[in-house]
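Coordinate analysis (summary)
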Amino acid sequence: MNGREGGFALELSGISKAFGPVRALDGAHLALRPGEIHALLGENGAGKSTLVSIAAGLVPPDAGTIRLAGKPMAFRGPRQARRAGIALVPQHDLLVEAATVADNLAFLDPAAPFLESRRARRERVARVASALDLDVGPPDARVGELPVGTRQRLEVAGALLTDPSVLILDEPTAVLSPDETAALFRALRARASTGKTVLLITHRLAEVFAAADRLTLLARGRTLREAAVGETSAEEIGALLLGSAEATERTGAPEREAPPADAPPAGGVAVDGGGGGTGPSPALALRALRPRGSAAPPVDLAVAPGELVVLLSIDGNGADDLAGAAAGVREAEGSIEIGGRKVRPGDPLAYRRAGGAFIPSDRRAEGLLPDLTLAENLLLRRPPGGLLVDRAAMAATAADRLARFGVRATGPDARAGELSGGNQQKLLLARELEPLPRVLTAIHPTRGLDLAASADVRARLLDAAASGAGVLVVTADPEEAQAFGRPIRVVYRGRLSEPLPSGTPFEALGRRMAGLAA
Amino acid sequence: MSGFLEVALLLSAPLLLAAAGELVLERSGSLQIGLEGTMLAGAFTAFAAARAGTGPYAALAASAAVGAGAGLLFALFAVARRADPILVGTVWNLLALGATGFAYRLLAGETGSVLQVRTLPADLLGLPWPVLASFLVPPVLHLLLTRTRPGLRIVAAGEHPEAVRAQGLSVVAIRTGASTLAGVLGALGGGLLVLTISPTFVEGVTAGRGFLALAIVVFARWKPLRLVPASLLLGGVTALQYRLQALGFQAVPYAFFLALPGLLALAALAVSGRGGGAPKALGTPAP
């Protein structure tokens, strides 16, 4: 909290910002030293993204000061911030998929000339790739065809074109493999060692303690802790994060108590998921299933009632496609059975009719209708049969379900799009898990959620399994896979490993994900 | 046959100009289905200016000026104020049809006599140079979209407007610029029509060419260079239709020939319908 080692590269102090009635930031403080990698931590909705948006000139603060190398700044827009030396790589990449790598870099380069030859644009790609030692893909490749890791590096390269004194990365590793993450951190470390500053938003504490020099922890719009990484521990920060999240939870919605009549008793039926689902009638059975367009061999997989199976893979290895095929949202060849009943592949309605529920990876685009109310979203899985909707009854049952699933919102009439990521996911769970489905397929159910919300989602999925549903979960995060405490099957290039115990060491999982171990 | 080629080029040029402008606007993420109205406004302006005694080149310039205004007006409603572009375009079509018809009657009175205007003189190959210059517009636009900074921004605005905003650029400004260019080119197309092949004005003189130009953009899959063959094809079929009518071809009713360009456009759309190429954010409001 002090500048004892001389000036800060960037210091934001007393920053407040409200969006309508919501106070996103309330006197937050963030100070970055030259030559450091600084981690910004906090639960979802703690104000991290708002704070970096203010630093990057995308959003003006209501109050507070921004000092860049000691000089007070008031940015009128992102171009001005960029010119001053602050570059932001947003969480969701802002690349033009239909354009080439070379054209995207030219677009991201404020110094690009008015007229530029194709060769000059190609040369920019080569220059950037060699200067940063990052593979940003072939110059003439369309960005839409590149893997997410490459796209992410391209975005970082675009931000670095102006050689900013402060580079801000908003959750850069969410979609990266352990190897790609390590390579990115090597590049960031090399940059920091030249005196430039890197600010990193992340949810992964392991990364913070492996790569960062100092950290700032935000909670409910305020700075809760600023420390050098050596002065603290993952345990302390983890506890602070969980604590702050739970505190918010308690002040927000009624505690989840007195489970409803049809809810499972906590830790109900103990099911050992090691068997691989060879019972007489598995909840979900995939036989020789191959998602259309996949080059991988057909897959056999069974999930017994009460069993939870974790598919762990780096994005692009086919786990998402396989789970999507199981849920009928992707065309596939082979056969799918739910509770012993054949279901036509590529038919999401048949999947649902047979008792299937689905949590897609993109909750905003595929899971929810952001412009409809929470109550209306809850109705989507089982629309009322009659001609007219009893809105009062609908609101009442919705309010009850929202409370039980811990969705923090102003009420059942709030729009789904207004909720934070964690609450949107809880809303989805409330819809998909009640009534209890025969099988639930969940793709990246905790992606982008904070620790508390992730833990809550995992508990709900385990509860559903304990109550007798078959649950298939896809994740890209080894820690997350371990946290389920259920057998893990690693997917590498469309092939499934045998079930691994959840206690398999992190490194061993990482090696399998990278295809280094059979 | 040289006569046929001349007529085909004369008929293609207005289509090409209008389609080229529309293509830039659509690549920026907006769309003006009232292109027919813009062409009509351009046609009437050229006619009125020429009747007022200006030369044909000045008449063409007047069309361009009115087109710029039409493009700005469209952008004011459909881009800046984020009104539904389909509704704005539809209203613009109806307004232009009614207003030009009304203004023509004020100008010509109820006499029913046909008022002629002086056409553009033929320069090269028996064609006025603006007609030939029209065929240079697609390569210029190709360069604009692929090699220049504004071009990158137009493409980004049509594909991923949020990315444009994150760069601190205004999607509204980019689309307004594209709309102005589309207005100028659309109105020039209309003006060229009056100043070359039909040297007079009648209500609805553009006869659906604005809609054909919309189809040409899709047929060309939003690629400027492909506008040339697409426009030549439809212009050529129109020329063929005139020729067949002139030859007194009686076996088929003449209405069929009138419908031929439209039928061809439909067929082309059916063939090229799949395969995409449309800007991803086409028709979405600016963030």
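Analysis parameters
- Residues numbered from 1 in each chain as written.
- Chains lettered and ligands numbered in written order.
- Predicted model: local features only at pLDDT ≥ 70, side-chain atom pairs only at ≥ 80, totals over all residues.
- Heavy atoms only, no water.
- Domains from an automatic or database assignment.
- Helix = DSSP H or I, 4+ residues; strand = E, 2+ residues; numbered from the N terminus.
- Buried < 20%, exposed > 50% of the residue type's maximum accessible area, 1.4 Å probe, protein only.
- Contact = heavy atoms within 4.5 Å.
- Buried area = accessible area lost by both parts, 1.4 Å probe.
- Salt bridge = Lys/Arg side-chain N within 4 Å of Asp/Glu carboxyl O.
- Polar contact = N/O pair within 3.5 Å; in protein donor to acceptor, adjacent residues only side chain to side chain.
- 1 Å grid on protein atoms, 1.4 Å probe; cavity = no way out; pocket = protein on both sides within 12 Å on 5 of 7 lines; lining within 4 Å.
- Points joined across faces, edges and corners; volume = space filled by probe spheres on them.

**Quick notes on the domain arrangement of chain A**
Interfaces are often sized by the amount of accessible area the parts lose when they come together. Each assigned domain of chain A is listed here: domain 1 (10–248) and domain 2 (284–369 + 437–513). On a C-alpha basis, the centres of domain 1 of chain A and domain 2 of chain A stand 31 Å from each other.

**Some words on the environment of Met394 of chain A**
All names here are of chain A. In this structure, Met394 sits in helix H13 (residues 391–404). Owing to a relative accessible area of 8%, Met394 belongs among the buried residues under this scheme. Sequence spacing of Met394 and Gly238 is 156 residues, and the spatial spacing of their C-alpha atoms is 39 Å. Those residues in contact with Met394 that sit more than four places away from it in its chain are Ala375, Glu376, Leu379 and Val389.

**Looking at the environment of Pro56 of chain B**
Residues and elements named next belong to chain B. Position of Pro56 among the secondary structure elements: in helix H3 (residues 56–80). Pro56 sits 93 residues away from Arg149 along the chain, and the two C-alpha atoms are 35 Å apart. Ignoring any residue separated from it by four or fewer positions in sequence, one finds Pro56 in contact with Arg118, Thr119, Leu120, Pro121 and Leu195.

**Notes on the interface of chain A and chain B**
Taken together, the contacts link 22 residues of chain A with 20 residues of chain B. Roughly 1900 Å² of surface becomes buried between chain A and chain B when both sides are summed, with 59% attributable to carbon and sulfur atoms. Seen at the junction of chain A and chain B, the total is 1 salt bridge. Of the charged contacts, one joins Glu97 of chain A and Lys280 of chain B as a salt bridge, the two residues approaching to 2.5 Å between their closest N and O atoms. Between chain A and chain B we count 7 residue pairs in polar contact (both at pLDDT 80 or more) in total.

**A closer look at the pattern of salt bridges**
All names here are of chain A. As enumerated under the stated definition, the model contains 32 salt bridges over all chains in all. A salt bridge links Asp140 to Arg122, with the nearest nitrogen and oxygen atoms 3.1 Å apart. You can see Asp140 sitting in the loop between helix H4 (118–132) and helix H5 (148–160) and its partner Arg122 sitting in helix H4, a full 18 residues away along the chain. Between Glu480 and Arg458 there is a salt bridge, with its nearest N and O atoms 3.1 Å apart. In this pair, Glu480 is assigned in helix H16 (residues 478–483) and Arg458 in helix H15 (residues 451–466), connecting sequence segments 22 residues apart. On the basis of relative accessibility, which here comes to 5%, the residue Glu480 falls in the buried class. By relative accessible area, Arg458 is classed as buried at 16%. Each of the salt bridges in this network shares a partner with another, and the network as a whole consists of Asp103, Asp109, Glu116, Arg121 and Arg124.

**Let's talk about empty space enclosed by the protein**
Scanning all chains against the criterion turns up 6 cavities of 30 Å³ or more. In this structure, the largest cavity encloses a volume near 70 Å³. Around the largest cavity sit Arg79, Ala106, Phe107, Asp109 and Pro110 of chain A together with Arg149, Arg153, Gln167 and Leu169 of chain B, which together line it. Taken together, the elements giving at least two residues each to the lining of the largest cavity come down to helix H3 (101–108) of chain A together with helix H7 (149–159) of chain B.

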